[in-house]
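# Structural features, examined
Each chain is listed here by its residues.
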Amino acid sequence: MRSGTLTITLACGGALAYTISKIDLALRERIGMPGFPAPPSSYEDIPNVAAAQLGNAALGFVLVLLTAALFRPPKHTLTRRLLLGANWLGVAMVGAGVVGFTLRATGLAPALGEPASGAAAWISLTVGAVWTVSWALASHGARRTPSV
């Protein structure tokens, strides 16, 4: 078993948790993240909330697949670099989201919305932080360890 199996599994779990949360929000026709509701004015810009959230869920599933590809990265150098580049781009985007939502949750960036008011927000942030760190470690490990 490769040493990166745990980090890849955790990263896939983070992407899967995101996907499931977006499906839940689509079913409830809500915008935002668990624990971070969007302001009512946000609904004016999105004519079909359920479809938008299902699109986000589809993106989350693509991230599951992209991360799972790290279990056995391609041997071909260009393909491997493209896979790793896409994974690192994902790490950066999710990490930026975690930072932004952390700033919102703590009230350090009031322009981003109301601070966190319940456990769901802190659970979402914890999942996001574990997802980001494990995904970064998995991507780094895949760079160093060629597939067999």
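So, a few notes on the structure that sits alongside this text. Note that the structure is a prediction, hence the values are computed from the model and not measured.

Assigned secondary structure in the protein chain consists of four helices and two strands. When the backbone C-alpha atoms are referred to their principal axes, the protein chain occupies close to 50 × 30 × 25 Å. Of the roughly 8500 Å² of accessible surface on the protein chain, 71% is carried by carbon and sulfur atoms. Between the centroid of the 11 positive side chains of the protein chain and the centroid of its 5 negative side chains there is a distance of 28 Å.

Bringing the pattern of salt bridges into the picture now. Applying the stated criterion across every chain yields a total of one salt bridge. Among the salt bridges present, the one from D24 reaches R28, with a minimum N-O distance of 3.0 Å. A residue pair is termed a helical-turn pair when its members lie 3 or 4 positions apart in one helix, as D24 and R28 do in helix 1 (residues 5–28) at four residues. Residue R28 is classed as partly exposed on the basis of its relative accessible area of 48%.

Okay, the nonpolar core next. Judged by nonpolar contacts, the single largest core of 18 residues is most densely connected at L63, L70, W131 and W135. Elements with a minimum of two residues in this core: helix 1, helix 2 (49–68), helix 3 (77–106) and helix 4 (119–144). W131 has contacts with A11, G14, A15, Y18, L63 and V94, leaving out every residue within four places of it along the chain. Among the nonpolar cores identified, the runner-up in size contains five residues, and F36, A116, A121 and L125 belong to it.

Right, let's get into the packing of helix 1 against helix 2. At a closest axis distance of 8 Å, the pairing of helix 1 and helix 2 adopts a crossing angle of 170°. What the angle tells us is that helix 1 and helix 2 run roughly antiparallel. Contacts from I8, A11, C12, A15, L16, Y18, T19, K22, I23, L25 and A26 in helix 1 reach A50, Q53, L54, N56, A57, G60, F61, L63, V64, T67 and A68 in helix 2.

On to a nonpolar patch on the surface, then. Residues V99, L103, L108 and L112 make up a contiguous nonpolar surface patch of about 370 Å² in total accessible area. Inspection of the secondary structure assignment puts V99 in helix 3.

This part is about the packing of aromatic side chains. Where two aromatic rings form a pair, the distance of their centres and the angle of their planes describe that pair. A full pass over the atoms with the stated rule returns three aromatic pairs. Where F36 meets F101, the ring centres are 4.8 Å apart and the plane angle is 55°; that geometry is what we call tilted. In this pair, F36 sits in strand 2 (residues 36–37) while F101 sits in helix 3, placing the two residues 65 residues apart along the sequence. Exposure remark for F36: the relative accessible area of 1% places this residue in the buried category.

To continue, consider the side chain of N87. Along the chain, N87 falls in helix 3. Ignoring any residue separated from it by four or fewer positions in sequence, one finds N87 in contact with L66, T67, L70, W135 and S139.

Our focus in this paragraph is helix 1. Here helix 1 is 24 residues long and its end C-alpha atoms lie 34 Å apart, about the 34 Å a rise of 1.5 Å per residue gives. Here helix 1 has its buried residues at T7, I8, A11, C12, G14, A15, Y18, T19, S21, K22, L25 and A26. After helix 1 finishes, the residue E29 shows a positive phi value of roughly 55°.

Tracing the backbone shows L6 in helix 1. For L6, a relative accessible area of 58% gives the class exposed. As for L6 and P74, which are separated by 68 residues in sequence, their C-alpha atoms are 19 Å apart.

Scoring rules and cut-offs
Residues numbered from 1 in each chain as written. Predicted model: local features only at pLDDT ≥ 70, side-chain atom pairs only at ≥ 80, totals over all residues. Heavy atoms only, no water. Helix = DSSP H or I, 4+ residues; strand = E, 2+ residues; numbered from the N terminus. Areas by Shrake-Rupley, 256 points an atom, 1.4 Å probe, with all protein chains shown as cover. Lys, Arg positive; Asp, Glu negative; His and termini not counted. Charge placed at Lys NZ, Arg CZ, Asp CG, Glu CD. Salt bridge = Lys/Arg side-chain N within 4 Å of Asp/Glu carboxyl O. Buried < 20%, exposed > 50% of the residue type's maximum accessible area, 1.4 Å probe, protein only. Core = buried A, V, L, I, M, F, W, Y, C linked by side-chain atoms within 4.5 Å. Contact = heavy atoms within 4.5 Å. Axes fitted to C-alpha atoms, helices over the stretch in contact; angles between N-to-C directions. Parallel < 35°, antiparallel > 145°, perpendicular 65-115°, else oblique. Patch = residues over 30% accessible without salt bridge, like charges linked within 9 Å, V, L, I, M, F, W, Y side chains within 5 Å. Phe/Tyr/Trp six-rings, centres within 6.5 Å; stacked < 30°, edge-to-face > 60°. Expected span 1.5 Å × (residues − 1).

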